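Letter by letter, the chains look like this.
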Protein chains: 4
Amino acid sequence: MASKALAIIAGVGPGTGASIARRFAQTYSVVLLSRNPDNYEPIVKEINAGGGKAIGISADVSDANSVKAAFAQIEKEFPGTAAGAAVFNPSGGFVKKPFLELTDEQFSTAIDSQAKGGFYFAKHTLPLLLKGKGQTPHPPTLIFTGATASVKGSAQFSPFAAGKFALRALAQSLAREFGPQGVHVSHAIIDGVIDIPRTKGYVFPHEDAKLSPDAIADSYWYLHTQPRTTFAFELDLRPYIEKW
Amino acid sequence: MASKALAIIAGVGPGTGASIARRFAQTYSVVLLSRNPDNYEPIVKEINAGGGKAIGISADVSDANSVKAAFAQIEKEFPGTAAGAAVFNPSGGFVKKPFLELTDEQFSTAIDSQAKGGFYFAKHTLPLLLKGKGQTPHPPTLIFTGATASVKGSAQFSPFAAGKFALRALAQSLAREFGPQGVHVSHAIIDGVIDIPRTKGYVFPHEDAKLSPDAIADSYWYLHTQPRTTFAFELDLRPYIEKW
Amino acid sequence: MASKALAIIAGVGPGTGASIARRFAQTYSVVLLSRNPDNYEPIVKEINAGGGKAIGISADVSDANSVKAAFAQIEKEFPGTAAGAAVFNPSGGFVKKPFLELTDEQFSTAIDSQAKGGFYFAKHTLPLLLKGKGQTPHPPTLIFTGATASVKGSAQFSPFAAGKFALRALAQSLAREFGPQGVHVSHAIIDGVIDIPRTKGYVFPHEDAKLSPDAIADSYWYLHTQPRTTFAFELDLRPYIEKW
Amino acid sequence: MASKALAIIAGVGPGTGASIARRFAQTYSVVLLSRNPDNYEPIVKEINAGGGKAIGISADVSDANSVKAAFAQIEKEFPGTAAGAAVFNPSGGFVKKPFLELTDEQFSTAIDSQAKGGFYFAKHTLPLLLKGKGQTPHPPTLIFTGATASVKGSAQFSPFAAGKFALRALAQSLAREFGPQGVHVSHAIIDGVIDIPRTKGYVFPHEDAKLSPDAIADSYWYLHTQPRTTFAFELDLRPYIEKW
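Residues numbered from 1 in each chain as written. Chains lettered and ligands numbered in written order. Predicted model: local features only at pLDDT ≥ 70, side-chain atom pairs only at ≥ 80, totals over all residues. Heavy atoms only, no water.

### Section: the overall build of chain A
(1) Moving on: Regarding its fold elements, chain A presents 6 helices and 7 strands.
(2) Moving on: Along chain A, from the amino end to the carboxyl end, the secondary structure elements read β-α-β-α-β-α-β-α-β-α-β-α-β.
(3) Moving on: Relative to the compact-globule value of 18 Å for 244 residues, chain A shows a C-alpha radius of gyration of 17 Å, a close match.
(4) Moving on: Oriented by its inertia axes, the alpha-carbon framework of chain A measures out at about 50 × 40 × 40 Å.
(5) Moving on: Burial analysis of chain A (244 residues in total) assigns 63% to the buried set. (Helix = DSSP H or I, 4+ residues; strand = E, 2+ residues; numbered from the N terminus. Rg over C-alpha atoms; globule rule 2.2 N^0.38 Å. Buried < 20%, exposed > 50% of the residue type's maximum accessible area, 1.4 Å probe, protein only.)

Next up, the structure:
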């Protein structure tokens, strides 16, 4: 088990992160990062109980030192182990408000968790992914989770949109630099409401109107399986009924 | 065998079209449209010999009557049969030339094969796809093949770019209209040289520098398998080494 | 008067085209192309009465021969005269309809007037614009009028969107080829309802909610005055109150 | 003189900022913000000597307190005065480097100066611009300076691209929120090398291959003069010879 490569997932709650963890745990040892252990503990237990291997680490992606400490712990738990996949999936910084009512902190939180967080995460995972080349069943893959706000700055959404636009820029830049080095960097635009416990209150007139976390995880896995001849950079995912 | 739904593929040569045909023939009866029978005959034979079901029909997608006749023949061969998938993949109209040296015909050919061709194809396949709802293993899917020129009008490429931009507009419009009706409409941006007999002469300094037709076909199949909660509209595919 | 360079404007009705004609007539002899003389006659009279120089020519931009004949007539009226500006502004092909109710002709009309029309117009104006280099007060300029549909293929809008996407591809390609030759090629995205007689019926809850044709003309003129160090390719114009 | 409205410009060096200051000083009292007084002193002197009114304030846009102090000083110098225009133009954070050699600080500096800086600047200028409604000759205008990196995340450019993408998101969001309130928010994509003292070393084979700061300033002024019926949000500016 210890010899399996890693899948490192930042931003793991009861929704998309958990589904991604489950999917990648079929092939990799998974490392789950979240600020709150409550977020990763159930899925860590579930994976280990099911014959997979998972650990959780409390970390704040927007804090350089916290990310550094998390990766030191990964190295301690899995010394010298390469990564096959890394997924940046934190949802931090979402806020909708008239611009002049925003606090400096609300804007900073979004930027720090999405843009700086993405940077810290990439900085620590890319060396492990580069090490994974030739050792993993598919080209090592780094996936960033985007949102509608990655490509549209709507009124009253500036903090989250600024963070998500910045994250997309980072993803593009890394894809162009590390693709030729054999690491597949992708960006997924999640355009709609995800069907997770937190969104139970959103009721739509049509069935199946929310994105399925398991289907998102399948799409991420699919991206991961692509050969280097045929890498996708960007994929937009939305429910069939979504307006866009 | 006759009761299987159809996969209808326009633009079938020895490359992507053939790979798509092979992939979809694992589940569907395939209908291959091409102007020249030489393009579809080998793959039709191969599929039928392998236990699948395939027919080829000579058709010019840029000619409304030719497309109409082709679909009349489909109805004759597979009366009342629904479609599970349709793929628009013709490469017609590519030309690179100083603008003032272009003939009217060169511009028209690109527009007619990519834009009008896409329209005629969609008009005839959508009723069959709508009929496929609930009868096919995955939501009925209509995929359009785009290119680098779908999103960038480079110098000396105006005919093909105009055609491919127009095709992308058509794809977007159909995705927004037919997604809510349960038909998955997608657009794939093929950004690079495809590894087919015709491109043998393009030699790159790196291995694996051309897109694999089989990997493109896998991506199309993946799009087809997505549930309606989580449809992708657009996917860009390129070799790891491609500049973009 | 005969020695002034030309501004050639295709698509002249009582709205934007007339305002553009008026604006450019302050510096150039203007040639107005429209299918219907009723469209250009009032503005031709107005310009000539006001001391400017204008002629109108009946032409269908979607018909290669009609465009050819129009430019033969321009050469006859203004032999050897260069062009300082050319504006492609026809509105042809707009239709909103469920896709499966569209006729082949409705789709073709939009494609032919927007995409092929743009091609024919560019083919005939670019030689005159190239001749204008160094002779006109500002770099010779070719402007294409786009719309919301130039960048978004909305449901039930496929003909117009396909035409406008194609026209944008043409504009990009020409800007990249002819910019380095000193011709300024631009594309304006008109995103909203224009305040013209035909849109009197559209009433909005806010004042000034429609685009002003004169302000659009000012923007086109501004584009024309830019020096070659600092060309704009694309400009999106919309009322302050417009949702986008 | 004291009764003229303000034009507040952040990021003033010997290039674009100075040209913008000169252009807007023909109508407004100008306030120039820069970290280093050396950057604004010459242009402040020049404007005051020429009969205009200008002051310079040392401020670091990436520091919330520094921006706050600067606007307190503006209020002290021009009590109760509205703003007709505000331009965010700092160049901070540009760095090109292999990703794994970037320091945390290099990424943060770009994000903090472009994204957070834009936020702080908008927060302090928007109330003054809203106050300017009806008092200024043109609709109050907030312009953000973007770059090639605003729309493309190139390899080795992630810090600046992340910052500029984020700034564009902010600009879009503000345009959508404050346009309907009568404030014109725009974003200019400067795509090329600007002809300033710092770029003297860049020599091109063609004349006029660099953007003119005065022409950029003219474009900004043109945006400012647009009536609310016809606001442009985005404008891309590049030399005629630029590859894009």
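### Overview of the relation of the copies chain B and chain C
(1) Moving on: When chain B is fitted to chain C, the best match, at an RMSD of 0.0 Å, comes from turning it 180 degrees and sliding it 0.0 Å along the axis. The superposition of one copy onto the other is thereby described by a two-fold rotation axis.
(2) Moving on: When the interface residues of chain B are mapped onto chain C, 100% of them again lie at the interface, so the same face is used by both copies. (Least-squares fit on C-alpha atoms with pLDDT ≥ 70 in both. Contact = heavy atoms within 4.5 Å.)

### Comments concerning helix 3 (residues 64-77) of chain B
All names here are of chain B.
(1) Moving on: Spanning 14 residues, helix 3 covers 20 Å between terminal C-alpha atoms, matching the ideal 20 Å at 1.5 Å per step.
(2) Moving on: When we look at burial in helix 3, the residues that qualify are Ala64, Ser66, Val67, Ala70, Phe71 and Ile74. Along the long axis of helix 3, the arc covered by the buried residues comes to 165 degrees, so they all point the same way. Structural note: helix 3 exposes Asn65, Lys68 and Lys76 on the side pointing more than 90 degrees away from its buried face.
(3) Moving on: Near the N-terminus of helix 3, the side chain that reaches the backbone nitrogen of Asn65, with its oxygen 2.8 Å away, is that of Asp63. (Expected span 1.5 Å × (residues − 1). Arc of directions from axis to C-beta. Polar contact = N/O pair within 3.5 Å; in protein donor to acceptor, adjacent residues only side chain to side chain.)

### Focus on the interface of chain B and chain C
(1) Moving on: Of the residues lining the interface, 41 residues belong to chain B; the matching set on chain C comes to 42 residues.
(2) Moving on: Summed over the shared surface of chain B and chain C, the number is 4 salt bridges.
(3) Moving on: Here Lys123 of chain C makes a salt bridge to Asp104 of chain B, at a shortest N to O gap of 2.4 Å.
(4) Moving on: In this structure, the connection of chain B to chain C is made through 16 residue pairs in polar contact (both at pLDDT 80 or more).
(5) Moving on: Elements with a contribution of two residues or more to the side of chain B that touches chain C: helix 4 (104-132) and helix 5 (158-178) of chain B. (Salt bridge = Lys/Arg side-chain N within 4 Å of Asp/Glu carboxyl O.)

### Some points on unusual backbone geometry
(1) Moving on: Positioned with a positive phi, Gln156 of chain A is a non-glycine residue whose angle comes to about 70 degrees.
(2) Moving on: Position of Gln156 of chain A among the secondary structure elements: in the loop between strand 5 (141-147) and helix 5 (158-178).

### Here we look at the environment of Asn36 of chain C
Residues and elements named next belong to chain C.
(1) Moving on: With respect to the helices, strands and loops of the structure, Asn36 is situated in the loop between strand 2 (29-34) and helix 2 (37-49).
(2) Moving on: When its relative accessible area of 35% is taken as the criterion, Asn36 is described as partly exposed.
(3) Moving on: At 2.9 Å, the side chain of Asn36 and the backbone nitrogen of Asp38 are in polar contact.

### Examining helix 2 (residues 37-49) of chain A
A turn of α-helix holds 3.6 residues, and therefore any two residues three or four places apart point the same way.
Residue and element names in this part refer to chain A.
(1) Moving on: Between its first and last C-alpha atoms helix 2 spans 18 Å; for 13 residues at 1.5 Å apiece the expected length is 18 Å, and the two agree.
(2) Moving on: Within helix 2, burial applies to Tyr40, Ile43, Val44 and Ile47. Buried residues of helix 2, seen end-on, are gathered within an arc of 110 degrees and therefore sit on one face of the element. Exposed and oriented more than 90 degrees from the buried face of helix 2 are Asp38, Pro42, Lys45 and Ala49.
(3) Moving on: In this structure, the buried residues of helix 2 make contact with helix 1 (16-25), strand 2 (29-34) and strand 3 (54-58).
(4) Moving on: Of the residues that open helix 2, the one with a side-chain oxygen 2.9 Å from the backbone nitrogen of Asp38 is Asn36.
(5) Moving on: Taken from the residues just after helix 2, Gly51 is the one with a positive phi, measuring 95 degrees.

### Examining the environment of Thr81 of chain A
Residue and element names in this part refer to chain A.
(1) Moving on: Topologically, Thr81 is positioned in the loop between helix 3 (64-77) and strand 4 (83-88).
(2) Moving on: With 51 residues separating them along the chain, Thr81 and Gly132 place their C-alpha atoms 8.3 Å apart.
(3) Moving on: A polar contact is formed between the side chain of Thr81 and the backbone oxygen of Phe78, at a distance of 3.0 Å.

### Quick notes on the pattern of salt bridges
(1) Moving on: Per the stated rule, a full pass over the model turns up 44 salt bridges over all chains.
(2) Moving on: The closest approach of N and O atoms between Lys116 of chain D and Asp112 of chain A, which form a salt bridge, is 2.9 Å. Taken together, the residues span two chains, with Lys116 of chain D in helix 4 (residues 104-132) and Asp112 of chain A in helix 4 (residues 104-132). Each member of the pair, Lys116 of chain D as well as Asp112 of chain A, carries the same accessibility label: buried.
(3) Moving on: When the shortest N-O distance is used, the salt bridge between Arg228 of chain C and Glu207 of chain D registers 3.7 Å. Taken together, the residues span two chains, with Arg228 of chain C in the loop between helix 6 (213-225) and strand 7 (231-238) and Glu207 of chain D in the loop between strand 6 (184-190) and helix 6 (213-225).
(4) Moving on: Judged by its relative accessible area of 26%, Arg228 of chain C is partly exposed.
(5) Moving on: Shared partners join several salt bridges into a network, and the residues in it are Asp112 and Lys116 of chain A together with Asp112 and Lys116 of chain D.

### What to know about the pairing of strand 3 (residues 54-58) of chain D
All names here are of chain D.
(1) Moving on: Where strand 2 (residues 29-34) lies against strand 3, 5 bridges are found, and the strand directions are parallel. Residue pairing in the sheet places Leu32 in a bridge with Gly56 of strand 3.
(2) Moving on: Since strand 2 and strand 3 lie parallel, the crossover through helix 2 (residues 37-49) that links them has a hand, and here it is right-handed. (Pairing = 2+ DSSP bridges. Right-handed = clockwise from strand over helix to strand, strands pointing away.)

### Considerations on the packing of aromatic side chains
(1) Moving on: Enumeration according to the criterion identifies 50 aromatic pairs over all chains in this entry.
(2) Moving on: Aromatic side chains Phe24 of chain C and Trp221 of chain C sit 4.9 Å apart centroid to centroid with 80 degrees between the ring planes, which places their arrangement in the edge-to-face category. In this pair, Phe24 of chain C sits in helix 1 (residues 16-25) while Trp221 of chain C sits in helix 6, placing the two residues 197 residues apart along the sequence.
(3) Moving on: Residue classification places Phe24 of chain C among the buried positions, given a relative accessible area of 1%.
(4) Moving on: Among the aromatic residues, those joined into a cluster by ring pairs are Phe99 and Phe107 of chain A together with Phe119, Tyr120 and Phe178 of chain D.
(5) Moving on: The ring centre of Trp244 of chain B lies 3.8 Å from the NZ or CZ of Arg176 of chain A, which sits over that ring. (Phe/Tyr/Trp six-rings, centres within 6.5 Å; stacked < 30°, edge-to-face > 60°. Lys NZ or Arg CZ within 6 Å of the ring centre and 35° of its normal.)

### Overview of the environment of Ala171 of chain B
Residue and element names in this part refer to chain B.
(1) Moving on: Relative to the elements of secondary structure, Ala171 occurs in helix 5.
(2) Moving on: Ala171 sits 16 residues away from His187 along the chain, and the two C-alpha atoms are 6.4 Å apart.
(3) Moving on: Dropping the residues within four chain positions of it, Ala171 is found in contact with Phe144, Val185, His187 and Phe233.

### Some thoughts on the layout of surface pockets
(1) Moving on: Of the volumes computed, that of the second largest pocket is approximately 210 Å³.
(2) Moving on: What lines the second largest pocket is Lys152, Ser154 and Ala155 of chain A, Ile241, Glu242, Lys243 and Trp244 of chain C together with Arg176, Glu177 and Pro180 of chain D. (1 Å grid on protein atoms, 1.4 Å probe; cavity = no way out; pocket = protein on both sides within 12 Å on 5 of 7 lines; lining within 4 Å. Points joined across faces, edges and corners; volume = space filled by probe spheres on them.)

### A word on the packing of helix 1 (residues 16-25) of chain D against helix 2 of chain D
All names here are of chain D.
(1) Moving on: In contact at an axis separation of 10 Å, helix 1 and helix 2 are set at 20 degrees when each is read in the N-to-C sense. It follows that helix 1 is roughly parallel to helix 2 by the angle criterion. In the crossing of helix 1 with helix 2, the sense of the turn from one axis to the other is right-handed. On helix 2, the residues that touch Ala18, Ala21, Arg22 and Ala25 of helix 1 are Ile43, Glu46 and Ile47.
(2) Moving on: A per-class count over the contact of helix 1 with helix 2 returns 5 nonpolar, no polar and 2 charged. (Axes fitted to C-alpha atoms, helices over the stretch in contact; angles between N-to-C directions. Parallel < 35°, antiparallel > 145°, perpendicular 65-115°, else oblique. Left-handed = near helix turned anticlockwise from the far one by under 90°. Nonpolar A, V, L, I, M, F, W, Y, C, P; charged D, E, K, R; others polar.)

### Details of the side chain of Thr141 of chain B
Residue and element names in this part refer to chain B.
(1) Moving on: Here Thr141 lies in strand 5 (residues 141-147).
(2) Moving on: Relative accessible area serves as the criterion here: at 1%, Thr141 is assigned to the buried category.
(3) Moving on: One polar contact links Thr141 to His224, side chain to side chain, over a distance of 2.7 Å.

### Here we look at the packing of helix 4 (residues 104-132) of chain C against helix 5 (residues 158-178) of chain C
Packed helices, taken two at a time, are described by the angle their axes make and the gap between the axes.
All names here are of chain C.
(1) Moving on: Two elements in contact, helix 4 and helix 5, have axes separated by 7 Å at closest approach and are oriented at 20 degrees. With respect to each other, helix 4 and helix 5 are oriented roughly parallel. The way helix 4 lies across helix 5 gives a crossing that is right-handed. Of helix 5, the residues touching helix 4 (which contributes Gln106, Phe107, Ala110, Ile111, Gln114, Ala115, Gly118, Phe119, Ala122, Leu126 and Leu130) are Ser158, Pro159, Phe160, Ala162, Gly163, Lys164, Ala166, Leu167, Leu170, Leu174 and Phe178.

### Let's talk about the pairing of strand 2 (residues 29-34) of chain B
Residue and element names in this part refer to chain B.
(1) Moving on: Summarising burial for strand 2: 6 of the 6 residues are buried, a large majority.
(2) Moving on: Across the two faces of strand 2 the burial is the same, with Ser29, Val31 and Leu33 and Val30, Leu32 and Ser34 all buried.
(3) Moving on: As for the winding sense of the linkage, the β-α-β connection from strand 1 (residues 6-10) through helix 1 (residues 16-25) to strand 2 is right-handed.

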